[in-house]
Amino acid sequence: MRIGTGWDLHRLEENRSLYIGGVKIPHNKGALAHSDGDVLLHALIDALLGATANGDIGTLFPPNDVQWKDAASLDLLQIALTKIEDYRVENVDCTVIIDAPKLAPFIKKIRSTLATALGVALERISVKAKTSEGTLENVVIAQVVVLLARR
Ligand code: MG
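Bear in mind that the values here come from a model prediction, so they are computed numbers and not experimental data.

Draft legend 1. Fine view of the packing of aromatic side chains. All told, the structure shown has one aromatic pair when counted by the stated rule. Their ring planes at 85° and their centres at 4.7 Å tell us that Phe61 and Trp68 sit as a pair that is edge-to-face. With respect to class, Phe61 is no different from Trp68; both count as buried.

Following this line, the structure appears as C-alpha cells:
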C-alpha cells in the first residue's frame, strides 16, 4: 500500500471558467492558471505522484511549456496515471475550500467524474466542500489524500 497527499491553490478571477474535479461549475469567476486551473485534479495528480514517489505535477507538466497551455486537467490526470500503472486506487478523499459558489449541488457529479477517470467505483471517492468563512475570498484550495494498492 502507498499513501499520497496533494494540495493546490488557485486565485479566482473574472473571465475564467471554473473547473473543479473535471466538472465545469457555473460561476462569474474561474481559476487563473496556465492550464484549465482545476485545483482538485491538480491536487489529485500530486497525491498520485506523491504516493509513488514520482515527483510532482510541476515536474511532469512544466508551467512554462506551451504544450500544456489551457490543457484539460482530465487529460493531465490520464498522463499521470501512466506513471502509477503498477498500482490501483483503493480510495481518494478530497476537500475543496471555496467561499462561492456552493459546491453541494455538484459533489455527486464531481465524484462520478473522478471515479470514471480513475476507473474505480463511486464509493471509493469522497469529495467534501468547505468555506473559509470569508477569510480567503477569490481563492480556491484543494487537499487530496489517496491510498494505492499494488496490482
Ligand atoms: Mg494548480
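There is more to say after this.
Draft legend 2. Here's a closer look at the pattern of salt bridges. Counted by the stated rule, this structure contains six salt bridges. Its salt-bridge partner being Asp86, residue Arg150 comes within 4.0 Å of it at the nearest N-O pair. A residue pair is termed long-range when its members are at least 10 positions apart, and Arg150 in strand 7 (residues 139-150) and Asp86 in the loop between helix 3 (73-81) and strand 5 (87-97) qualify at 64 residues. In this structure Arg150 comes out as exposed when scored by relative accessible area, which is 53%. Across the pair Glu90 and Arg88 runs a salt bridge, and its minimum N-O distance is 2.5 Å.

Draft legend 3. Representation of the pairing of strand 6 (residues 125-130). Alignment of strand 5 against strand 6, held across six bridges, turns out to be parallel. Looking across to strand 6, one finds that Thr95 is bridged to Lys128. Assessed by its sense of winding, the connection that carries the chain from strand 5 through helix 4 (residues 107-118) to strand 6 is right-handed.

Draft legend 4. Spatial organisation of the sheet that holds strand 5. Pairing is mixed in the open sheet, where five strands are placed in the order 4-1-7-5-6. A strand with exactly one partner marks an edge of an open sheet, and here the two such strands are strand 4 (29-31) and strand 6. Each strand axis lies, on average, 20° off the axis of its neighbour in the sheet, ignoring direction. The sheet contact formed by strand 5 and strand 7 spans 10 bridges and is antiparallel. Paired with Thr95 across the two strands is Gln143, which belongs to strand 7. Contacts between helix 1 (residues 39-51) and the sheet are confined to strand 1 (2-14), strand 5, strand 6 and strand 7, with strand 1 contributing the most and set at about 155° to the helix.

Thresholds, definitions, all that
- Residues numbered from 1 in each chain as written.
- Predicted model: local features only at pLDDT ≥ 70, side-chain atom pairs only at ≥ 80, totals over all residues.
- Heavy atoms only, no water.
- Phe/Tyr/Trp six-rings, centres within 6.5 Å; stacked < 30°, edge-to-face > 60°.
- Buried < 20%, exposed > 50% of the residue type's maximum accessible area, 1.4 Å probe, protein only.
- Salt bridge = Lys/Arg side-chain N within 4 Å of Asp/Glu carboxyl O.
- Helix = DSSP H or I, 4+ residues; strand = E, 2+ residues; numbered from the N terminus.
- Pairing = 2+ DSSP bridges.
- Right-handed = clockwise from strand over helix to strand, strands pointing away.
- Axes fitted to C-alpha atoms, helices over the stretch in contact; angles between N-to-C directions.
- Contact = heavy atoms within 4.5 Å.

The values reported here are purely geometric and, on their own, carry no functional implication.
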